[in-house]
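Overview (structure and organization)
Residues per chain, in single letters:
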Amino acid sequence: MAIDLDELAPRKPKRETVLGEDLSAFSAHELEARIVALEEEIVRSREALKARAATKSAADAFFKR
């Protein structure tokens, strides 16, 4: 079985996105990755918000509010 050298290399821990943190130490690549991650989180949050609204609408219809 062949050994994948990428598996042996130490991995950088994934950087947690912190709102309001100093961005001066980030490279352009890191900033682009940060923007992508934040945009994905916005989409995920909007989907959760839509799900909450759908649940509320169903409850309102059931209880005839």
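All of the points below concern the structure found in this document. (Residues numbered from 1 in each chain as written. Predicted model: local features only at pLDDT ≥ 70, side-chain atom pairs only at ≥ 80, totals over all residues. Heavy atoms only, no water.)

1. A look at the overall build of the protein chain
Counting its regular elements, the protein chain contains 2 helices and 0 strands. A globule of 65 residues ought to have a C-alpha radius of gyration of about 11 Å, yet the protein chain, at 21 Å, is considerably larger. Overall, the protein chain is about 60 × 45 × 15 Å in size when its C-alpha atoms are taken along their principal axes. A total of 65 residues make up the protein chain; the buried ones form 3% of that total. Carbon and sulfur atoms make up 60% of the accessible area of the protein chain, which amounts to about 6500 Å² in all. The distance from the centre of the 12 positive side-chain charges to the centre of the 13 negative ones in the protein chain is 13 Å. (Helix = DSSP H or I, 4+ residues; strand = E, 2+ residues; numbered from the N terminus. Rg over C-alpha atoms; globule rule 2.2 N^0.38 Å. Buried < 20%, exposed > 50% of the residue type's maximum accessible area, 1.4 Å probe, protein only. Areas by Shrake-Rupley, 256 points an atom, 1.4 Å probe, with all protein chains shown as cover. Lys, Arg positive; Asp, Glu negative; His and termini not counted. Charge placed at Lys NZ, Arg CZ, Asp CG, Glu CD.)

2. Some details on the packing of aromatic side chains
Within the structure shown, the criterion is met by 1 aromatic pair. On the numbers, 4.8 Å between centres and 90 degrees between planes, the contact of phenylalanine 62 with phenylalanine 63 is edge-to-face. With relative accessibility at 56%, the residue phenylalanine 63 sits in the exposed group. Over the aromatic face of phenylalanine 26 sits the side chain of arginine 34, whose NZ or CZ is 5.5 Å from the ring centroid. (Phe/Tyr/Trp six-rings, centres within 6.5 Å; stacked < 30°, edge-to-face > 60°. Lys NZ or Arg CZ within 6 Å of the ring centre and 35° of its normal.)

3. Let's talk about helix H2 (residues 28-63)
Taking 1.5 Å as the rise per residue, H2 with 36 residues should run 52 Å; its terminal C-alpha atoms sit 52 Å apart, in good agreement. Looking one or two residues past H2, lysine 64 carries a phi angle of roughly 50 degrees, positive in sign. (Expected span 1.5 Å × (residues − 1).)

4. Let's talk about the side chain of arginine 34
Summarising the element assignment, arginine 34 is placed in helix H2. We classify arginine 34 as buried; its relative accessible area is 11%. Not counting chain neighbours up to four residues away, the residues in contact with arginine 34 comprise Thr17, Val18, Leu19, Glu21, Leu23 and Phe26. (Contact = heavy atoms within 4.5 Å.)

5. What about the pattern of salt bridges?
The full count for this structure, using the stated rule, is 3 salt bridges. For arginine 34, the salt bridge goes to glutamate 21, with nearest N and O atoms at 2.8 Å. With a gap of 13 residues between them, arginine 34 in helix H2 and glutamate 21 in the loop between helix H1 (5-8) and H2 connect regions that are remote in the sequence. The residue glutamate 41 makes a salt bridge to arginine 44 at a minimum N-O spacing of 2.7 Å. One end of the pair is glutamate 41 and the other is arginine 44, both in helix H2 and 3 residues apart, which spans about a single turn. Judged by its relative accessible area of 34%, glutamate 41 is partly exposed. (Salt bridge = Lys/Arg side-chain N within 4 Å of Asp/Glu carboxyl O.)

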